[in-house]
2 protein chains.
Amino acid sequence: MTLDDLKHAQRQRLLFLDRCFTWRGVARRRDLADRFGISIAQAANDFRAYLSLITQNAPEYDAHLKAYVASPDHQPIAPSSMLDVFGVLDTASDDALPAALPRAKRWLDPHVATVLHDAISKQQKIRIVYTSMNSGETAPQWVAPTRFIFDGESIHFRAYSYKRGEYRNFHPARINPEDEFQIDELDTPLPFDMEWHSVSTIWLRPSARLTSSQASVVRREFGFNGDLLRIEIRQALEFYFDRRWGLNEPGARLEKVKTETTLSQGN
Amino acid sequence: MTLDDLKHAQRQRLLFLDRCFTWRGVARRRDLADRFGISIAQAANDFRAYLSLITQNAPEYDAHLKAYVASPDHQPIAPSSMLDVFGVLDTASDDALPAALPRAKRWLDPHVATVLHDAISKQQKIRIVYTSMNSGETAPQWVAPTRFIFDGESIHFRAYSYKRGEYRNFHPARINPEDEFQIDELDTPLPFDMEWHSVSTIWLRPSARLTSSQASVVRREFGFNGDLLRIEIRQALEFYFDRRWGLNEPGARLEKVKTETTLSQGN
DNA sequence: TTGTTCCGTATATTTTTTATACGTATACTT
DNA sequence: AAGTATACGTATAAAAAATATACGGAACAA
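Residues numbered from 1 in each chain as written. Chains lettered and ligands numbered in written order. Predicted model: local features only at pLDDT ≥ 70, side-chain atom pairs only at ≥ 80, totals over all residues. Heavy atoms only, no water.

A look at unusual backbone geometry
Negative phi is the rule for most residues except glycine; trans is the rule for most peptide bonds.
And step 1. You will see that asparagine 57 of chain A, though not glycine, has its phi angle at about 55°, which is positive.
And step 2. Here asparagine 57 of chain A is to be found in the loop between helix H3 (40-53) and strand E2 (60-62). (Helix = DSSP H or I, 4+ residues; strand = E, 2+ residues; numbered from the N terminus.)

This is the structure we're talking about:
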């Protein structure tokens, strides 16, 4: 019996339960019932299913707390993103202000998204009216979009630029949404996107100006024990990575030691 | 018949379907079957349920495309976060590198999280060994945690600091996880957290140094048409907001016009 | 002691989902 | 032109999931 044998809905519930144990340390049937709108009886089922998956360091019922308590050596059955973790730790009250920053504020035009998605799935080129943030000028150009990209904040896309003769990252908001969006088939296959299919391996260390206890905090925050933190990322996304992690800012807590780039295996 | 009448699992499926129509512009039964592991028959059910919810500008079947196509005036039945949108637009291939930045790299010690969660739910104070990033010094102090906070990247927490005599935001990674974490009941009730219960209304405009076409791109990107973008946020989170949106950086595309703070209603 | 709130288990019933079959329309291949 | 494949639709019986309900135990508070 593994997670994969379960239906999607129950798998989601067991994953939630797993996060409760990992991050809260405790879980009750009511947690499941409230979050997923299932009955207490079904939640009891899910607890049984979860416990049958855990062979070592399983959570145990604590009659005093009236709750299951995770073992101190609890091992999660699946990793969780910070957003997942927050979803478990946040004690949101009814319709008050949230305890998280507003995330949905970035905007994407549904029509632009649809046109791009279409061009990607049909492998077509389209004419977009694009405003450069460097020069500030707005001009039409033909591009062949290949993938959407997410930098954690907003959505970008990768496309072959016929104007530049190379692949570039584009920002949908810089496309004029009022345009007609001419579409055309590719007359020649697109060239290979080297930057996309290359992996940059980036080694980082706590910034040299930090004290040793500050440096160990940085290691803790980014989850590495040795000297260096190793990150693997598509070379085409390295710019977004640097910006998002604030590596080039004056107060940066991490600094790059070296970057190695190799052509990725497979896709 | 509304979304709320449905079970959680089916509601999730209809929301996914809604995002397909909104952002991709098309949807097939196979999309649902693949994403949620349901049968084609059940996916057909879901389509019927979805279409019964949509009264105006409903998607229609296109026999040529062999897919449902959203009406050009499609109105989503629920808002979606950028992460949700990306989840629909990304054409992830098998186990290749993702097209999104690594998000799970920030780390949180499960034991520290558990201790904090406990103190919050039981309303206790705890002794933490905390490293200041300003002074770099590490010292024990008593705090009474009240809520977890999410800045979009990592998780922080709000707590009353007995050392400072005021509420502050803390970063879990700066707590020494090896500590024993002494716990104690509150001897007096905590004071009112004014900054937490106040709303800052922030008005932003495109940075003055931008050209007018660049400024309209910025308006498009942040989804406002008028002169000013208005953001409401807990006053206690304003620091994170500024940092996350890069408002104080040299190249900032938005600048603050004014900030008004009022005591929040209710919670 | 009594009442409450957690936990557990078990059963019958209801709801959801699947498996399957059959029909229609479009597009592609032979 | 005929055949094949793949979308869509509907319908029904069977299987699986979830609910309602009942009963019992442990801890705790009034």
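That was the structure; now back to the text.
Points about the relation of the copies chain A and chain B
And step 1. Rotating chain A by 180° and moving it 0.0 Å along the rotation axis overlays it on chain B with an RMSD of 0.1 Å. What the rotation and shift describe, once combined, is the action of a two-fold rotation axis. The C-alpha atom lying nearest the rotation axis in chain A is that of alanine 9 of chain A; the distance is 2.9 Å.
And step 2. A high fraction, 99%, of the interface residues of chain A reappear at the interface in chain B, so the copies pair face to face through one surface. (Least-squares fit on C-alpha atoms with pLDDT ≥ 70 in both. Contact = heavy atoms within 4.5 Å.)

Observations regarding the domain arrangement of chain A
And step 1. Each assigned domain of chain A is listed with its residue range as follows: domain 1 (3-89), domain 2 (110-185) and domain 3 (198-263).
And step 2. Placing a centre on the C-alpha atoms of domain 1 of chain A and another on those of domain 2 of chain A gives a separation of 43 Å. (Domains from an automatic or database assignment.)

Re the sheet that holds strand E1 (residues 26-27) of chain B
Pairing between sheet strands relies on hydrogen bonds along the backbone, with the strands arranged either parallel or antiparallel.
Residues and elements named next belong to chain B.
And step 1. Within the open sheet, the 3 strands sit side by side as E1-E3-E2. Their pairing is antiparallel. On the outer flanks of this sheet lie E1 and strand E2 (60-62), each paired with one strand and no other.
And step 2. Pairing geometry for E2 and strand E3 (residues 67-69), over 3 bridges, is antiparallel. Paired with tyrosine 61 across the strands is tyrosine 68, a residue of E3. (Pairing = 2+ DSSP bridges.)

So, the protein's contact with DNA strand D
And step 1. Taken together, 15 residues lie around DNA strand D, and Ser39, Gln42 and His64 of chain A together with Arg29 and Tyr68 of chain B are the ones closest in.
And step 2. Sugar plus phosphate, as a fraction of atoms of DNA strand D within 4 Å of the protein: 77%.
And step 3. Between a phosphate oxygen of DNA strand D and a main-chain N or O atom of serine 39 of chain A, the distance comes to 2.6 Å.
And step 4. Within the side chain of histidine 64 of chain A, one N or O atom sits 2.8 Å away from a phosphate oxygen of DNA strand D. (Near = heavy atom within 4 Å. Polar contact = N/O pair within 3.5 Å; in protein donor to acceptor, adjacent residues only side chain to side chain.)

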